[in-house]
Amino acid sequence: MSDRQTSSSDGGGSSPGASAFAASGLSILTATEVRAAAAALLDGLQGCGVTAEAVAWTDHGELLFEPADAGSDANRAAAVAAFAGRPLAAGSGPDTQLLPPGAADAGAVLLAAPGALASPDAAAGRLLALAGRRLSELFSILRLHASVKDLEQAEQLQHALFAIADMAASDRDMQSLLRGLHQIIGRLMYAENFYIALYDRQRETVRFIYFADEMDAGMYDPEQEIPTAQMGGSLTLGLIRHGRPVRGPSEEIVELLGLPPDDGFGTPSVDFMGVPMQRDGQVYGALVVQSYREGMSYTQSDCAVLSFVAEHVLNAVERKRGQEALERRVADRTRELADANLQLQGQIAERERAAHLQATLYKIAALANNQERDEDFYRSLHQAVAELLYAENFYIALLSADGGQLEIPYSVDVAGDERSDRALGRGLSEYALRYGRTLLIDDQGVRDLVAAGEMDAGHHASRTSAVCWLGAPLLGSDGVMGLVVVQSYRPDLVYSSEDAELLTFVAHQIANSVQRRRHAEALHALNADLEQRVQARTRELRREISVREQVEAQLKHQVMHDPLTGLPNRLYLRDRLERALSSQQRNPQHAFALLYLDVDRFKLFNDSLGHLAGDAVLREVSRRLLDCVRGPDIVARLSGDEFAILLEEGTQPATAVKIAQRIQSRMQASVQVGERDLQASVSIGIAISHPRYQTIDEMLHDADVALYRAKATGRQRFVLFDESQQKAAMNVLELELQLRHALHAGEFVPYFQPIVRLDDGSTVGYEALIRWQHPERGLLGPGEFLPVAEESGLIEAIDWHMYRLACAAGAPLVGDGGYISINISPRHFQYEDFDQRLLELLRETGFAPPQLRIEVTEGTLLGDPEAAARILQRLQDAGIGTALDDFGTGYSSLSYVHRFPLKSIKIDRSFISDLGQANARRSLAIIEAVQGLARSLGLNVVAEGVETEVQRQALLATGCAYAQGFLFGRPQPAEHWKAPAGPAPTVIPEKS
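Scoring rules and cut-offs
Once a new chain begins, its residue numbering starts again from 1 and follows that chain's sequence as written. Only residues with pLDDT of at least 70 get local features here, since the model is predicted, and only at 80 or more are side-chain atom pairs given and counted; chain-wide, interface and lining totals rely on the full set of residues. Hydrogens and water molecules were not included; the side-chain quantities draw on all heavy atoms of the structure. For this document, the term salt bridge refers to a Lys or Arg side-chain nitrogen within 4 Å of an Asp or Glu carboxyl oxygen. Only runs of H or I of at least four residues qualify as helices and only runs of E of at least two qualify as strands under DSSP, and these elements are numbered from the N terminus. Exposure is judged per residue with a 1.4 Å probe applied to protein chains only, and the accessible area is read against the type maximum: over 50% gives exposed, under 20% gives buried, and values in between give partly exposed. Here a pair means two rings of Phe, Tyr or Trp (six-membered ring of Trp) with centres within 6.5 Å. Their orientation is stacked below 30 degrees between planes, edge-to-face above 60, and tilted elsewhere. Geometry is summarised by axes, namely lines fitted to C-alpha atoms with helices restricted to the contacting stretch, and by angles between N-to-C directions that run from 0 to 180 degrees. Reported orientations rely on four angle classes, namely roughly parallel under 35 degrees, roughly antiparallel over 145, roughly perpendicular from 65 to 115, and oblique for the rest. Handedness of a helix crossing follows the sense of rotation of the near helix relative to the far helix, less than a right angle counterclockwise being left-handed and clockwise being right-handed. Residue contacts are counted whenever heavy atoms from the two residues lie within 4.5 Å of one another. At least two bridges found by DSSP between two strands is the condition for calling them paired. Polar here means any residue outside two lists: the nonpolar Ala, Val, Leu, Ile, Met, Phe, Trp, Tyr, Cys and Pro, and the charged Asp, Glu, Lys and Arg; Gly therefore counts as polar.

Q: In this structure, what is going on with the pattern of salt bridges? I would like to understand it.
A: It is possible for side chains of opposite charge to pair when their charged atoms get near one another. Following the criterion strictly, the structure yields 42 salt bridges and no others. Note that Glu 225 is salt-bridged to Arg 203, the shortest N-O span being 3.0 Å. Here the residue Glu 225 occupies a position in the loop between strand E6 (205-212) and strand E7 (226-227), and Arg 203 occupies one in the loop between strand E5 (193-200) and E6, the gap between them amounting to 22 residues. Taking the relative accessible area as the measure of exposure, Glu 225 reaches 34% and is therefore partly exposed. For the salt bridge of Glu 620 with Arg 623, the shortest nitrogen-to-oxygen distance reads 2.3 Å. Here Arg 623 and Glu 620 lie together in helix H17 (residues 611-628), a separation of 3 residues that amounts to about one turn. On the basis of relative accessibility, which here comes to 17%, the residue Glu 620 falls in the buried class.

Q: What is the right way to look at the packing of aromatic side chains in this model?
A: Each aromatic ring pair is described using two quantities: the centre-to-centre distance and the angle formed by the ring planes. Per the stated rule, a full pass over the model turns up 18 aromatic pairs. Both rings, one in Phe 194 and one in Tyr 210, keep their centres 5.9 Å apart while their planes meet at 50 degrees; by these two values the pair is tilted. Placement of Phe 194 in strand E5 and of Tyr 210 in strand E6 is noted, with a sequence separation of 16 residues between them. Each of the two residues, Phe 194 as well as Tyr 210, counts as buried. Pairwise contacts between aromatic rings join Tyr 195, Phe 208, Phe 211 and Tyr 220 into one cluster.

Q: Please explain the packing of helix H10 (residues 374-386) against helix H14 (residues 497-559) as it appears in this structure.
A: The relative placement of two packed helices comes down to the angle between their axes together with the axis-to-axis distance. In contact at an axis separation of 12 Å, H10 and H14 are set at 165 degrees when each is read in the N-to-C sense. With respect to H14, the element H10 is oriented roughly antiparallel. For the pair H10 and H14, the sense of crossing is right-handed. Residues Asp 374, Phe 377, Tyr 378, Leu 381 and Val 385 of H10 lie in contact with H14, whose contacting residues are Leu 503, Val 506, Ile 510, Ser 513, Val 514, Arg 517 and Glu 521.

Q: Please clarify how unusual backbone geometry should be interpreted in this entry.
A: Generally, phi is negative for residues other than glycine and the peptide bonds are trans, each holding for most cases. Backbone torsion omega between Glu 66 and Pro 67 reads 5 degrees, so that peptide bond is classified as cis. One can find Pro 67 in the loop between strand E2 (62-66) and helix H4 (73-83). Residue Gln 652 is joined to Pro 653 through a cis peptide bond whose omega torsion reads 10 degrees. Positive phi values are uncommon outside glycine, yet Glu 204 reaches one of about 55 degrees. Residue placement: Glu 204 occurs in the loop between E5 and E6. Note on Glu 204: relative accessible area 31%, which makes it partly exposed. Of note in this structure, Asp 280 is not a glycine but carries a positive phi near 55 degrees. The topology assignment puts Asp 280 in the loop between strand E9 (271-279) and strand E10 (282-291).

Q: Sorry if this is basic, but what is going on with the sheet that holds strand E14 (residues 439-442) here?
A: Neighbouring strands of a sheet are bound in pairs by backbone hydrogen bonds; such pairs are parallel or else antiparallel. In spatial order, the strands read E13-E12-E11-E16-E15-E14; together these 6 strands make up an open sheet with antiparallel pairing. Each edge of the sheet is formed by a strand with only one pairing partner; in this case those strands are strand E13 (422-423) and E14. In terms of strand pairing, strand E11 (residues 393-399) meets strand E16 (residues 479-488) through 6 bridges, oriented antiparallel. Along E16, the bridge assignment pairs Ala 397 with Leu 483. Strands E11, E14, strand E15 (468-476) and E16 of the sheet are contacted by H14, whose axis makes an angle of about 40 degrees with E15.

Q: Teacher, can you tell me more about the packing of helix H22 (residues 795-810) against helix H23 (residues 834-845) here?
A: At their nearest, the axes of H22 and H23 sit 10 Å apart, and the two run at 35 degrees to each other. For the pair H22 and H23, the sense of crossing is right-handed. When H22 is examined against H23, the residues Trp 800, Tyr 803, Arg 804 and Cys 807 are found in contact with a partner set consisting of Phe 834, Arg 837, Leu 838, Leu 841, Leu 842, Glu 844 and Thr 845. Of the residues assigned to the contact of H22 with H23, the class counts are 7 nonpolar, 1 polar and 3 charged.

Worth remembering: the numbers are spatial, not functional.
Below you can see the structure in the form of structure tokens.
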């Protein structure tokens with residue numbers, strides 16, 4: 001429409017063009033949707049003579065057109081270029097006009113025929129401006145609606161998360177929780193078909209703990225673990241391994257995941273949406289919804305919501321599984337406590353019964369020492385027995401000294417039967433004595449004995465028949481000495497086997513009491529006779545005393561001197577030392593010295609030449625020692641090849657040093673033994689008197705410490721004792737005492753360091769390492785106490801204690817596979833039954849032998865290679881593998897690998913530390929050689945001391961499969977490795 005025409009219209013009347021413009025403008029202003037406003041704009045422009053093809057706009061990232069079928073490739077390219085601010089060159093495509101015109105935030109673009117928008121008239125321009133404003137308003141309204149919808153969805157999602165958390169904390173069972181989760185997700189999106197799958201990486205299985213599907217209902221058992229090897233082209237397994245959300249028709253998902261097209265499970269779905277449930281980069285399962293209905297599909301927003309919900313569902317499921325496991329453990333523990341309570345109640349009743357029995361036995365034992373008449377003694381016994389069982393009818397029968405009479409010292413009977421001493425016959429008491437054991441019999445049993453001829457019928461007829469008769473023999477040192485009997489005439493009261501057992505116990509105590517009482521009477525008679533004999537013997541002894549005094553004088557000399565050398569012995573030396581010490585305590589100026597001597601390598605003389613040659617050496621040494629001292633000095637032989645010299649005169653320590661030098665010089669001459677010339681030498685420790693010495697043992701100890709120091713520094717020398725030696729000796733002694741206490745107090749604890757696969761870092765085992773939880777010094781590494789344990793001989797007890805702790809604490813670490821490695825001291829291979837003891841320990845702790853490895857060093861195999869080979873072979877037969885530790889540091893490593901039954905070798909850390917450095921070529925060559933040797937012998941190789949990623953990569957390049965070191969984990973308690981994410985490791989300098 002031209003300006004002239006517009007002016008004419010405005011001047012008079014309403015033209016058809018004006019009416020079309022007005023109608024189009026009204027349609028644009030009243031449009032409530034973008035598509036309606038765009039259609040009205042196109043119609044209005046058409047009426048204004050402008051050929052417009054379409055209007056394009058975006059909705060949630062999707063490019064839409066009006067009319068809907070106008071989305072050709074050319075139009076799309078032109079619209080995208082216009083929105084980007086880079087319109088296409090003229091003639092290369094349709095004309096474009098942003099709406100509103102010239103706006104920086106235009107939300108739509110008008111597409112017209114080429115050149116159609118070059119010079120629009122005023123009416124078209126007004127329509128474009130009007131449509132641009134209305135479209136901006138509609139876009140704002142849409143954005144507001146989208147924001148409201150997003151807020152509603154966020155609120156709905158928040159409510160869903162709260163509901164999931166509430167259900168996880170409730171007392172619902174697992175299936176009820178899973179149904180509730182299904183309902184919650186169903187409120188967020190279409191979830192008629194929904195399932196949850198859990199993935200176990202260690203076991204390589206998948207379990208569908210919840211499965212609701214309108215097409216494949218009941219396809220999976222919630223309790224069944226399906227191995228991944230059996231799942232083939234399963235979408236679920238593909239999703240878990242893909243590790244990212246997927247959405248779309250199942251055929252497209254199969255292609256996306258690279259699964260076999262004809263190897264799937266279940267009915268194909270129209271739309272499939274699944275998200276992995278993961279934490280810290282690890283996939284623990286999948287959450288899946290799917291639709292079998294056309295038109296019912298999922299959006300990217302649904303996928304984002306399901307991904308967000310998945311982690312919370314995983315937390316809820318794991319929390320419920322942990323809660324159910326805890327409830328099961330609580331229930332099991334409750335049952336165990338109930339059973340233990342029943343057992344405890346039974347034990348309490350049994351102990352009360354035992355306590356009552358013990359009290360009665362004590363009372364019976366005390367009766368033997370009472371100075372009372374026999375009648376009172378037996379009456380007290382009757383009362384004591386009556387406290388334990390029914391004893392209204394009670395008697396005691398004893399055999400006479402000659403065995404021909406049955407004496408009845410005590411009898412009580414409610415039936416009035418009188419019992420008196422009689423010759424042995426064939427009564428029931430005599431039968432019980434012949435039987436020699438406790439006898440429980442009723443009246444019919446007595447009749448059967450009469451019928452069998454074991455009892456005299458007349459004797460039985462003369463007594464009142466008892467309903468139940470119970471008799472126990474009294475056993476003395478010479479056999480049966482009598483019996484104790486209780487009986488009942490009442491049918492309602494009979495004795496049981498428990499009563500018989502009880503009377504047997506009581507009979508033993510009664511027998512002891514009767515025997516002690518008899519012995520006391522016999523002893524009283526003997527004492528009178530002994531008194532007379534003592535007086536006669538006293539007179540004889542007086543005559544012998546004078547003879548003994550003469551002999552004692554001779555023996556005293558023999559006792560105080562050594563028979564081999566004739567020198568004073570230890571007793572003589574101690575006596576003289578006591579006197580010297582007392583003199584020094586009275587007069588501090590009186591100084592003296594003690595020299596402690598030991599013949600070097602004396603055992604070699606004995607073992608090589610025999611004891612006669614050794615005796616000759618000792619006699620010659622003692623003679624030379626006498627030549628080196630003065631008249632008042634004492635030379636004594638203490639024991640074996642140990643001598644001592646006491647110097648009581650002269651200035652000290654100068655005199656002691658001169659004597660020591662003189663002795664060393666005198667010993668330079670060879671000793672003639674038979675036809676051999678032997679070179680003997682001595683080591684000397686010197687202690688000088690000091691006010692701190694309160695006893696001679698203190699001085700002897702210090703001289704011995706100095707002697708030990710002299711031998712330790714090379715023999716054939718002398719050393720003066722000083723306080724630093726005392727302090728060092730005391731420190732070692734104190735540490736040894738603390739080690740003994742730690743062993744009893746349970747202060748040793750096992751730490752574990754992982755052994756891993758180098759390629760993926762997965763743990764294949766743990767090496768158990770000992771730590772000492774010192775109450776004052778804190779956690780100590782093995783280097784701070786094991787040398788003292790080796791020297792003191794405590795290492796074996798500590799090792800066995802450690803092995804037991806390592807098996808108990810390490811069992812949970814290898815419950816799903818792997819092994820625990822323990823270090824074996826060379827001392828254990830001195831015992832041929834070491835393997836039997838180790839296997840017995842595994843049986844006691846319930847630890848499987850195939851899950852244990854032992855580590856030995858080359859030094860362990862040096863002592864007795866044949867015995868070591870036998871022990872290691874038996875351990876291998878039992879399933880316990882052996883690793884050669886610190887490989888490559890000994891001189892015969894290859895011979896050990898070939899000779900002994902080994903499972904693996906551990907390359908020493910000295911070769912690993914060079915990797916990544918300039919001088920790594922030699923170490924790499926050695927490591928590669930070890931790898932080749934191991935492969936040829938079928939052995940595993942573990943690299944020790946890996947601390948850097950450079951070392952790891954270098955080892956991978958050599959083909960090394962396993963490693964151990966600080967790079968993968970420092971030694972920690974077992975609880976650290978069982979936790980999902982352990983605390984930061986504590987740095988302890990040591991051999992890992």
